[in-house]
Amino acid sequence: MSTMGRIAALALVTLATTAGMPGRADLAPGRPPEVAPKVPNATGPQEAEVVAVVIDQRTQNPVVLLRGKRDHRQLTMTIGAAEATGIAVPLQGVTPPRPLTHDLFLSLFGQLKVSLTRVVITDLRDDIYYATVHLSGAGGDLTLDSRPSDAIALALRAKVPVLIEPRVFDKGAPDSILPRPYI
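Residues numbered from 1 in each chain as written. Predicted model: local features only at pLDDT ≥ 70, side-chain atom pairs only at ≥ 80, totals over all residues. Heavy atoms only, no water.

A. Examining the confidence of the model for the chain more closely. Here the chain shows a mean pLDDT of 81. Residues at 70 or above account for 71%. Contacts from residues 3-29, a stretch scored under 50 in pLDDT, to residues over four places away or in other chains number 26 contacts. Across residues 33-37, confidence stays below pLDDT 50; counting only partners more than four residues off in sequence or on other chains, it has four contacts. (pLDDT = per-residue confidence, 0-100. Contact = heavy atoms within 4.5 Å.)

B. Highlighting the side chain of Arg-73. Looking at where Arg-73 falls in the secondary structure, it is placed in the loop between strand S2 (62-68) and strand S3 (74-78). Judged by its relative accessible area of 16%, Arg-73 is buried. Within polar-contact distance, the side chain of Arg-73 engages the side chain of Asp-71 at 2.9 Å. (Helix = DSSP H or I, 4+ residues; strand = E, 2+ residues; numbered from the N terminus. Buried < 20%, exposed > 50% of the residue type's maximum accessible area, 1.4 Å probe, protein only. Polar contact = N/O pair within 3.5 Å; in protein donor to acceptor, adjacent residues only side chain to side chain.)

C. Focus on unusual backbone geometry. Its identity is not glycine, yet His-72 carries a phi of approximately 65°, on the positive side. Inspection of the secondary structure puts His-72 in the loop between S2 and S3. Classification of His-72 by relative accessible area gives partly exposed; the value is 48%. Not every positive phi belongs to a glycine, and Asp-127 is a case in point at roughly 65°. Mapped onto the elements of the fold, Asp-127 is located in the loop between strand S4 (114-125) and strand S5 (128-137).

D. Just the environment of Ala-88, in detail. Assignment of secondary structure puts Ala-88 in helix H2 (residues 81-91). Residue classification places Ala-88 among the buried positions, given a relative accessible area of 5%. Placed 38 residues apart in sequence, Ala-88 and Val-50 show a C-alpha to C-alpha distance of 9.9 Å.

E. Structural context of the pairing of strand S1 (residues 46-55). Counting buried positions over the 10 residues of S1 gives seven, a clear majority of the element. One ladder, built from three bridges, connects S1 with strand S7 (residues 162-164); its direction is antiparallel. Across the sheet, Glu-47 pairs through a bridge with Leu-163, a residue of S7. In this structure, S1 lies alongside S2, joined through seven bridges in antiparallel fashion. Its bridge partner being in S2, Val-53 is matched across the sheet by Val-64. Linkage of S1 to S2, two consecutive antiparallel strands, is achieved through a turn of six residues, within which Gln-60 is found at a positive phi near 65°. (Pairing = 2+ DSSP bridges.)

Here you go:
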């Protein structure tokens, strides 16, 4: 098996083994859903932790789990298998022997003397998440439209903050009865 095949297999095994592993308290029958407290006077996007990439037991699709650092609200976004690998590889601390696409972009940024400063998940409209990547260089600052999965994969590799606008938490609440949107 090739090295890239081993990395992909590792990412998928990680996804499969961590999927649907609730805590003991989550197993209690009739347990009300957790509701994170609203933080007064908190405005603007908040930094989020990329908690994990797992398989949604209901849909059997990979999802990325994010949790706000300010108010601990959670956001779950359905992603594809390739996107899951792009996020899971740096999340697990794996360094591929050859650069993956996101590694290539960061290498390109470095050669161009441009730095990724942050990524922001900006909106959820018509079941589609939107994000921006923020770059800084000698020529000034630049904001680019991005898929959230790509933005998250870049942020993890560059060790920069992932920010989420409050409206995204509001629209993409995990206890929603609607199916989870794809990115």
